[in-house]
Amino acid sequence: MDHFQYKNGVLHVEDVPLTRIAEAVGTPVYVYSRATLERHAQVFREALSGLPRVHVAFAIKANPNIAVLKVLAKQGFGADVVSGGEVARAIAAGMKPEDIVFSGVGKTRAEMEYALGVGVGQFNLELEEEGAVLGQIAASMGKTATATLRVNPDVDAGTHAKISTGKKENKFGVAIGEANGIFDRLSGTAGLSLRGLACHIGSQLFDLGPMEAAYGHVGDKVAELRAAGHVIDRVDLGGGLGVPYERDKVPPSPATYGQMVERATKGWRDGADGHPPVTLMFEPGRVIVGNAGVLLTEVIWVKPGAVNPYIIVDAAMNDLARPAMYDAWHDFEAVAPTGERMIANIAGPVCESGDTFAMGRDIDAVKAGDLAVFRTAGAYGATMASTYNSRALVPEVMVDGDRFAVVAERIKPETIIAAEHVPDFLAD
Ligand code: LLP
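We now turn to the structure provided with this report. No experiment lies behind these values; they were computed from the predicted model shown.

1. What about the overall build of the protein chain?
In terms of helices and strands, the protein chain carries twelve helices and 21 strands. Its C-alpha radius of gyration of 23 Å places the protein chain within 12% of the 22 Å reference for a compact globule of 428 residues. Counting only C-alpha atoms and orienting by the principal axes, one finds that the protein chain spans roughly 70 × 60 × 40 Å. Relative to its 428 residues, the protein chain shows a buried fraction of 55%. The contacts of the protein chain with a sequence gap of at least 6 include a subset with a gap of at least 24, amounting to 70%. Total accessible area computed for the protein chain in this model is approximately 18,100 Å², and 52% of it derives from carbon and sulfur atoms. Computing the positive centroid from 40 side-chain charges and the negative centroid from 53, the protein chain places the two 3 Å apart.

2. Re the site of the ligand
The full set close to the ligand counts 18 residues, and S203, E283, R286, R322 and Y380 are the nearest of them. Here R286 contributes a backbone N or O atom positioned 2.8 Å from an oxygen atom of the ligand. The side chain of Y380 places a nitrogen or oxygen atom 2.6 Å from an oxygen atom of the ligand. Surface burial for the ligand is 92%, taken as the share of its 590 Å² of free accessible area covered by protein chains. Considered class by class, the residues forming the shell around the ligand number six nonpolar, six polar and six charged. Each of domain 1 (4–31 + 290–418) and domain 2 (104–282) gives at least three residues to the shell around the ligand.

3. Some points on the side chain of R226
Structurally, R226 is set in helix α8 (residues 208–227). The side chain of R226 is buried and forms no salt bridge, while D273, the nearest opposite charge, is found at 8.1 Å. A polar contact of 3.0 Å, which involves the side chain of R226, links it to the backbone oxygen of P276. Leaving out residues up to four positions away in the same chain, R226 has contacts with I232, W268, G271, H275, P276 and V278.

4. Let's talk about the layout of surface pockets
Estimated volume of the largest pocket: approximately 760 Å³. Together, 39 residues line the largest pocket, and K61, T165, H200, S203 and Y380 are the ones closest to its centre. Mapped by element, the contributors of at least two residues to the lining of the largest pocket are α10 (286–289) and α11 (322–326). In terms of domain composition, the lining of the largest pocket takes at least three residues from each of domain 1 (4–31 + 290–418) and domain 2 (104–282).

5. Side note on empty space enclosed by the protein
Tallied over the entire structure, the rule returns one cavity of 30 Å³ or more. Of the volumes computed, that of the largest cavity is approximately 50 Å³. For the largest cavity, the full set of lining residues is C199, H200, I201, G202, L205, M211, A214, Y215, L237 and G239. Among the residues making up the lining of the largest cavity, the classes are represented as seven nonpolar, three polar and no charged.

Conventions and cut-offs
- Residues numbered from 1 in each chain as written.
- Predicted model: local features only at pLDDT ≥ 70, side-chain atom pairs only at ≥ 80, totals over all residues.
- Heavy atoms only, no water.
- Helix = DSSP H or I, 4+ residues; strand = E, 2+ residues; numbered from the N terminus.
- Rg over C-alpha atoms; globule rule 2.2 N^0.38 Å.
- Buried < 20%, exposed > 50% of the residue type's maximum accessible area, 1.4 Å probe, protein only.
- Contact = heavy atoms within 4.5 Å.
- Areas by Shrake-Rupley, 256 points an atom, 1.4 Å probe, with all protein chains shown as cover.
- Lys, Arg positive; Asp, Glu negative; His and termini not counted.
- Charge placed at Lys NZ, Arg CZ, Asp CG, Glu CD.
- Near = heavy atom within 4 Å.
- Polar contact = N/O pair within 3.5 Å; in protein donor to acceptor, adjacent residues only side chain to side chain.
- Nonpolar A, V, L, I, M, F, W, Y, C, P; charged D, E, K, R; others polar.
- Domains from an automatic or database assignment.
- Salt bridge = Lys/Arg side-chain N within 4 Å of Asp/Glu carboxyl O.
- 1 Å grid on protein atoms, 1.4 Å probe; cavity = no way out; pocket = protein on both sides within 12 Å on 5 of 7 lines; lining within 4 Å.
- Points joined across faces, edges and corners; volume = space filled by probe spheres on them.

This is a description of form; function is not addressed.
Below, the structure is given as structure tokens:
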């Protein structure tokens with residue numbers, strides 16, 4: 001069930017009309033639906049229910065708001081994190097440290113020390129040297145770091161180049177052929193317990209074929225490592241499942257994904273011949289939060305254009321960067337549509353031609369002062385916002401039934417200016 005619906009001609013999030021949120025909080029503002037977050041979490045878990053040992057770590061880069069994380073923590077999700085800041089967020093939201101997986105290609109020593117100190121459950125190594133350093137730091141703290149090695153299977157995920165991670169020229173993971181040597185050399189490292197593999201080939205994936213191929217390579221590697229005497233009891237299969245930004249382009253469902261995983265891991269996940277069973281780990285981001293949020297905006301002007309009019313809205317590329325960065329599509333809908341349509345360009349107030357959300361789009365007819373939303377903005381939306389052009393940092397609201405709360409405040413330019421300093425040597 002969709003929790004973003006028109007009731008009496010007005011778009012509601014659960015039982016709250018977006019007009020009410022605009023009035024109370026102003027625009028632009030991200031609005032999330034708690035019920036949708038919960039539903040997506042449940043659907044994802046359900047899709048994996050055929051697998052005996054599963055750990056789901058929400059990729060909190062997709063939406064790190066602590067209220068959002070709290071909802072997912074209550075659903076039993078852990079977190080996939082890529083920075084010390086994300087570790088802190090996961091913990092602030094009540095996630096158990098042992099349920100946190102620390103990914104990321106450039107963990108600093110300070111971040112490793114902090115993460116070990118709070119008891120993070122797993123580190124996904126990106127290179128051999130990282131394993132050596134992590135072991136040293138852990139040993140010096142009297143701890144042992146549990147780790148997997150992220151392998152790059154050299155598979156083309158068939159997604160946008162900027163969010164593709166599993167080709168050999170990408171910066172992520174070690175070439176899968178090098179895993180054996182790295183395991184041999186790192187095994188026995190004090191402070192390090194290397195006992196699995198990790199793999200993530202990209203984001204917004206619509207084709208399960210490349211994922212299945214990648215998981216197949218991972219399975220082959222598990223068998224080789226076991227044969228060489230290594231204990232493998234966890235394999236992190238990453239995230240990446242796509243969401244429908246355009247209504248008529250539908251990605252594989254979590255259920256179909258779950259069936260594929262069952263098929264692809266069948267030969268090795270349950271252990272055998274003295275090998276321990278494997279816990280399969282997942283790092284979904286977008287599929288959990290993408291369709292649980294919208295960006296609510298107000299039309300400032302309808303500006304005549306050479307071909308089509310420009311709808312100038314009060315949200316901009318600093319609030320929702322995806323169209324400018326990846327030519328991404330976000331559906332645009334009036335909060336109170338009249339039934340009339342228009343062909344228009346949609347752009348924000350930032351002083352760049354790239355601050356354009358759509359060109360020549362068939363949309364609900366809107367005029368200055370109307371409210372509208374960009375759909376499917378719950379993932380990689382607010383978290384990628386900036387204050388470019390000295391715009392405020394966009395706030396976030398969560399709806400729960402007929403109530404709502406501001407879960408991230410609008411950070412105004414005054415607050416940001418107050419954190420800047422004119423040095424003495426520039427004093428008048
Ligand atoms: N695990 C790892 C190691 C990742 O790098 C990512 C995403 C995920 C999990 C979660 O992937 P998801 O399930 O959300 O596809 N800003 C871009 C997306 C960047 C994705 C980066 N890594 C966008 O707006 O499309």
